[in-house]
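Here is how the chains run, residue by residue.
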Amino acid sequence: MAAAARPGPEELALLEKLLGLPKGNKYGVQGERKVPVLQTNNGPGLTGLITIAAHLVKQAKKDQLLGSTAEEKAVVQQWLEYRVTQVDGCSSKEDTRIILKNLNIHLEDKVYLAGNIFTLADVLMYYGLHHVMLWICQKKCILCGVQNALVSSV
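Rules behind the numbers
Residues numbered from 1 in each chain as written. Predicted model: local features only at pLDDT ≥ 70, side-chain atom pairs only at ≥ 80, totals over all residues. Heavy atoms only, no water. Salt bridge = Lys/Arg side-chain N within 4 Å of Asp/Glu carboxyl O. Buried < 20%, exposed > 50% of the residue type's maximum accessible area, 1.4 Å probe, protein only. Helix = DSSP H or I, 4+ residues; strand = E, 2+ residues; numbered from the N terminus. Arc of directions from axis to C-beta.

Structural notes on the pattern of salt bridges
Between side chains of opposite charge, a pair can form when the charged atoms approach closely.
Link 1 in the chain: Following the criterion strictly, the structure yields 4 salt bridges and no others.
Link 2 in the chain: Notably, a salt bridge pairs D88 with R83, separated by 2.7 Å at the nearest N-O pair. Just as D88 is buried, R83 falls in that class too.
Link 3 in the chain: Notably, a salt bridge pairs K110 with D109, separated by 2.8 Å at the nearest N-O pair.
Link 4 in the chain: The class of K110 is partly exposed, set by a relative accessible area of 30%.

In structure tokens, the structure reads:
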């Protein structure tokens, strides 16, 4: 499997669109790890996926996406950190398998990562795992195509 996709300007632009914010923010990356950066009009640039994403949520006045109670806010923060430290740092098939297994276990009795509320953690986890799910689906489609070809040739 290909290396994990790094968060970048495209992901932040998608979040901006989801939040209903007007286009116009200038995003970039810095350093070897290509950490996202937002150039702001009235102050220093913001650095890091979680920092920028939280800023966009607040700018859109959708603070509920960060959690409502102190516990929800902590759980959302926990999953945002998991996204950056584990998902973005994933470098092998085994890492990916462990991440997906952990998520499946966590979501067995929940609708969303923070319980029963949709949050920024769900959005960023989706963006972070989208390329993995596409890869899995492509592999399954290839396998199904081979099976169908074998069955139809009999």
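On we go from here.
A few points about helix α1 (residues 9-18)
Link 1 in the chain: Every buried residue of α1 is listed here: E11, L12, L15 and E16. Relative to the axis of α1, the buried residues are bounded by an arc of 140 degrees and lie together on one face. Summarising the geometry of α1, the exposed residues directed more than 90 degrees from the buried face are E10 and K17.
Link 2 in the chain: In the segment just after α1, G20 is the residue with positive phi, at about 80 degrees.

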